[in-house]
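Each chain is listed here by its residues.
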Amino acid sequence: MQEAGQKTGVLANCLLRTTHGREPRANNETLSPARILSQPRQRHGGDVACARPHMPQVTQALIVENLVKSYAPDRPKAVDGLNFTMARGATIGLLGGNGAGKTTTIAMLLGLLVPTSGRITALGHDMATDRFAALARMNFSSPYISLPHRISVRENLTVYGHLYNVAGLKRRIAQLAEELQLTDFLDRPAGELSAGQKTRVALAKALINTPELLLLDEPTASLDPDTGDWVRSSIERYREATGCAILLASHNMAEVERLCGHVLMLKRGQVVDEGSPGELIARFGRDDLEQVFLDIARGTRAEATP
Amino acid sequence: MTPSLQRVWGLVYRHLALYRRSPPRLIELMYWPILQMIVWGFMTAYLAGLQNNVASAAAGVLLGGVLLWEAALRSQMGFSISFLEEIWSRNLGHIFVSPLRPGELVAGLMVMSVLRTVVGVVPAILLAWLLYAFNVFDMGPAMVFFFAALILMGWAVALGCTSLILRYGAGAESLAWSVLFGIAPFAAVFYPVSVLPGWLQPVALALPAAHVFEGMRAALMEGRVAWGHLAAAYALNAAWIAAMGWLFMRQFQSARVRGALLNIGE
């Protein structure tokens, strides 16, 4: 479990807004590959109307309020008073060293873990009382949680398509196979694939329900630079086409700089700094986000005087 | 298909796809029930003097006991092992963050339990008829109710087992194979409840299986349907499934609080 320690006293109340949103689609509507690739980002100034029937019409994809997780009274809190808001279409990076609270935070956002206190509202649904409605509109990918490896890629995607109540499932799988270049190994057991192929399959599973909120935990871990770049491009294309909000936990700082408009730096369960990658780099007087990360992780940093 | 049924089907489809790609798993389902039936078939033939053409109800009672007990065993294992398959494949993380409700997960495991039981027990029933001329259907239509009652009991035990796996992690997985063997002595599979010591009889009578096997003996030896025992078996099943279902939900919620779902396969 997460290691946590003394409070740093730095506050974590951030309000993140983007200038673009999306025109949400009906729950089961799917995008053609061409549309996924070419649909321009739509700007609504955050005032997004929701087309999904019976779904809350909200501008914020995610609202996290005073989130705390303590695994035992005699242990430091794994997450300690986390606050942030994530607009539709935004991509936020969740950074921190091992034990900073990233995994615990993501597990709470997914309903896999019950917070000790605080509140999470995902796509307008309170995760404490209405998490299944939110989960139907979200998805998740992590290289550390496998898909069943003895059944084929197509069977895996079929299983998750049914679990997420995707209509027109065969068509959706064909679209994803074409978009993510899975066609050649669609009928091979998932366990026989290379790391790069598995990552693409995991991404296809994460996109099977055309999520409005996507949580990605180190989506390019252990991939070679070429495959990693390919995966990042696919994520960017999906975001551009759909306006999906993405929360990205990663140790790859170049990836975060490329994908994220805003970064939350976690340490001992608290947000100790935040801002756009460019703002953080400038504030710390560094050349890149990796150096900023090291400064914060090692406690050696002194923010540059404005 | 309703959204809920579609999600249940998704889980069932995942397991059917697994069996389609793994013939050894399919064969393993039939292997033990057939082996049990053959061993007990020869034993009852020997004990009852069947080789001297002496008809014996005892042979039917023993073989009937073996076949019916296999239904309970396969039902429980079908449920528990299907759950364990998700742990072994480290797939639980994906399942629990999907819109699949815990009740739907249980429903999917129950469907798999029935399918595994049918695949495992039907060949053994057919072989009992071919090899020993024992037709389990001689018990009459009530036999269907006996089998169903034992499948229900298997679900209750499996819910308890799965709850312990949620509580103690994969370290408790051996229960999936062993727990019903521990119950067998009190379930009156091969002997009447009256054989047990007086203090143990209430324990036996709290188990649906004891009523099923008393009913089976009444059908085979007296040619009557013991409706009282059958009703008791179903009433007890309802109570046990409700209790174990409650325990499962409690342990599931507790696992969400403790963070156990994050590393249940560790």
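Right above here is the structure, for reference.
Please read all numbers here as calculations on a predicted model, not as lab measurements. (Residues numbered from 1 in each chain as written. Chains lettered and ligands numbered in written order. Predicted model: local features only at pLDDT ≥ 70, side-chain atom pairs only at ≥ 80, totals over all residues. Heavy atoms only, no water.)

Student: Account for the overall build of chain B, naming residues and giving values.
Tutor: A count of helical and extended segments in chain B gives 10 helices and zero strands. Listing each helix as α and each strand as β along chain B from the N terminus yields α-α-α-α-α-α-α-α-α-α. Relative to a compact globule of 266 residues, whose C-alpha radius of gyration would be 18 Å, chain B shows 19 Å and is just as compact. Counting only C-alpha atoms, chain B reaches 60 × 45 × 35 Å along its principal axes. Within chain B, the fraction of its 266 residues that count as buried is 55%. Partitioning the contacts of chain B with sequence separation of at least 6, the portion at a separation of at least 24 is 78%. Accessible surface computed for chain B: about 11,200 Å², of which carbon and sulfur atoms make up 71%. (Helix = DSSP H or I, 4+ residues; strand = E, 2+ residues; numbered from the N terminus. Rg over C-alpha atoms; globule rule 2.2 N^0.38 Å. Buried < 20%, exposed > 50% of the residue type's maximum accessible area, 1.4 Å probe, protein only. Contact = heavy atoms within 4.5 Å. Areas by Shrake-Rupley, 256 points an atom, 1.4 Å probe, with all protein chains shown as cover.)

Student: Now, about the pattern of salt bridges: what can you tell me, with residues and values included?
Tutor: In total, this model carries 18 salt bridges over all chains according to the counting rule given. Measuring nitrogen to oxygen at the nearest pair gives 2.5 Å for the salt bridge that ties Asp273(A) to Arg283(A). In this pair, Asp273(A) sits in strand β11 (residues 270–275) while Arg283(A) sits in helix α9 (residues 277–284), placing the two residues 10 residues apart along the sequence. Since its relative accessible area comes to 25%, Arg283(A) is described here as partly exposed. Close ionic contact of Arg74(B) with Glu70(B) constitutes a salt bridge, the shortest N to O distance being 2.9 Å. (Salt bridge = Lys/Arg side-chain N within 4 Å of Asp/Glu carboxyl O.)

Student: Could you give an account of the interface of chain A and chain B, with specific residues and numbers?
Tutor: At the interface, 35 residues of chain A touch 35 residues of chain B. Together, the buried faces of chain A and chain B total about 3,300 Å²; carbon and sulfur atoms form 61% of this surface. On the chain A side of the contact with chain B, Leu112(A), Phe132(A) and Leu163(A) bury the most area, a combined 21% of that side's loss. At the junction of chain A with chain B, the criterion picks out two salt bridges. In this structure, the salt-bridge partner of Glu155(A) is Arg20(B), at a minimum N-O distance of 2.5 Å. At the boundary of chain A and chain B, one finds 14 residue pairs in polar contact (both at pLDDT 80 or more). Contributing elements (two or more residues each) for the side of chain A that touches chain B: α3 (131–135) and α4 (153–163) of chain A. In terms of residues, the side of chain A that touches chain B owes the most to one element, α4(A), which gives seven residues. Class assignment of the residues belonging to the side of chain A that touches chain B gives a composition of 21 nonpolar, eight polar and six charged. (Buried area = accessible area lost by both parts, 1.4 Å probe. Polar contact = N/O pair within 3.5 Å; in protein donor to acceptor, adjacent residues only side chain to side chain. Nonpolar A, V, L, I, M, F, W, Y, C, P; charged D, E, K, R; others polar.)

Student: Kindly report on the pairing of strand β10 (residues 262–267) of chain A, identifying the contributing residues and their values.
Tutor: Residue and element names in this part refer to chain A. Taken across its six residues, β10 has six buried, putting it largely inside the fold. Taking every second residue as pointing to the same face, both faces of β10 are buried, with His262, Leu264 and Leu266 on one and Val263, Met265 and Lys267 on the other. Bridging between strand β4 (residues 91–96) and β10 involves five bridges; their strand directions are parallel. When the sheet's bridge partners are listed, Leu95 is paired in β10 with Met265. Here β10 pairs with β11 via five bridges, running antiparallel. When the sheet's bridge partners are listed, Lys267 is paired in β11 with Gln270. In this antiparallel pair of consecutive strands, β10 and β11, the connection spans two residues, and Arg268 shows a positive phi of 50 degrees. (Pairing = 2+ DSSP bridges.)

Student: Hey, could you go over the nonpolar core for me, with residue numbers and the actual values?
Tutor: Counting 160 residues, the largest nonpolar core has Leu213(A), Met265(A), Leu289(A) and Trp69(B) as the members making the most contacts within it. Per element, the largest residue contribution to this core is 15 residues, and it comes from helix α6 (residues 142–168) of chain B. Setting aside residues no more than four positions away along its own chain, Met265(A) makes contact with Leu95(A), Gln270(A), Val271(A), Val272(A), Asp273(A), Leu280(A), Leu289(A), Val292(A), Phe293(A) and Ile296(A). Of all hydrophobic cores here, the second largest spans six residues; its members include Ala188(B), Val193(B), Leu196(B) and Ala210(B). (Core = buried A, V, L, I, M, F, W, Y, C linked by side-chain atoms within 4.5 Å.)

Student: Which residues make up the sheet that holds strand β9 (residues 245–249) of chain A, and what values go with them?
Tutor: Residues and elements named next belong to chain A. Spatially, β7-β8-β9-β4-β10-β11 is the arrangement adopted by the six strands of the open sheet, whose pairing is mixed. With one partner strand each, in any of the chains shown, β7 (138–141) and β11 form the two edges of the open sheet. Neighbour-to-neighbour, the strand axes of the sheet open up by a mean angle of 20 degrees, direction not taken into account. Each of β4, β10 and β11 is contacted by helix α10 (residues 289–298), which is oriented at about 25 degrees to β10, the strand it contacts most. (Axes fitted to C-alpha atoms, helices over the stretch in contact; angles between N-to-C directions.)

Student: Explain the packing of helix α5 (residues 102–132) of chain B against helix α10 (residues 227–258) of chain B residue by residue, including any values.
Tutor: Residue and element names in this part refer to chain B. One can describe the packing of α5 onto α10 by two numbers: an axis separation of 11 Å at closest approach and a directional angle of 125 degrees. Overall, the two elements α5 and α10 adopt an arrangement that is oblique. By crossing handedness, the relation of α5 to α10 is classed as right-handed. Taking contact as the criterion, the partners of Pro102, Leu105 and Val106 in α5 are, on α10, Phe248, Met249 and Phe252. Its residues assigned to classes, the contact of α5 with α10 shows six nonpolar, no polar and no charged. (Parallel < 35°, antiparallel > 145°, perpendicular 65-115°, else oblique. Left-handed = near helix turned anticlockwise from the far one by under 90°.)

Student: Explain the packing of helix α9 (residues 208–222) of chain B against α10(B) to me, and be specific about the residues and the numbers.
Tutor: Residues and elements named next belong to chain B. At their nearest, the axes of α9 and α10 sit 8 Å apart, and the two run at 160 degrees to each other. With respect to α10, the axis of α9 lies roughly antiparallel. Of the two possible hands of crossing, α9 and α10 adopt the one that is left-handed. Contacts between α9 and α10 involve Pro208, His211, Val212, Glu214 and Gly215 from the former and His229, Ala232, Ala233, Leu236, Asn237 and Trp240 from the latter.

Student: Could you give an account of the packing of aromatic side chains, with specific residues and numbers?
Tutor: Residues and elements named next belong to chain B. As enumerated under the stated definition, the model contains eight aromatic pairs over all chains in all. Seen in terms of ring centroids, Trp40 and Phe190 are 4.4 Å apart; in terms of plane orientation they differ by 10 degrees. Their pairing is stacked. Here Trp40 is found in helix α2 (residues 23–48), whereas its partner Phe190 is found in the loop between α7 (175–183) and α8 (201–205), with 150 residues between them in sequence. Among the residues examined, Trp40 registers a relative accessible area of 22% and is labelled partly exposed. (Phe/Tyr/Trp six-rings, centres within 6.5 Å; stacked < 30°, edge-to-face > 60°.)

Student: So what about the state of the cysteines? Which residues, and what values?
Tutor: Residues and elements named next belong to chain A. According to the stated counting rule, one finds zero disulfides over all chains in the structure shown. Cys244 forms no disulfide, and the closest cysteine sulfur to it belongs to Cys260, at a distance of 13 Å. Assessed through its relative accessible area of 0%, Cys244 is described here as buried. (Disulfide = S-S within 2.5 Å.)

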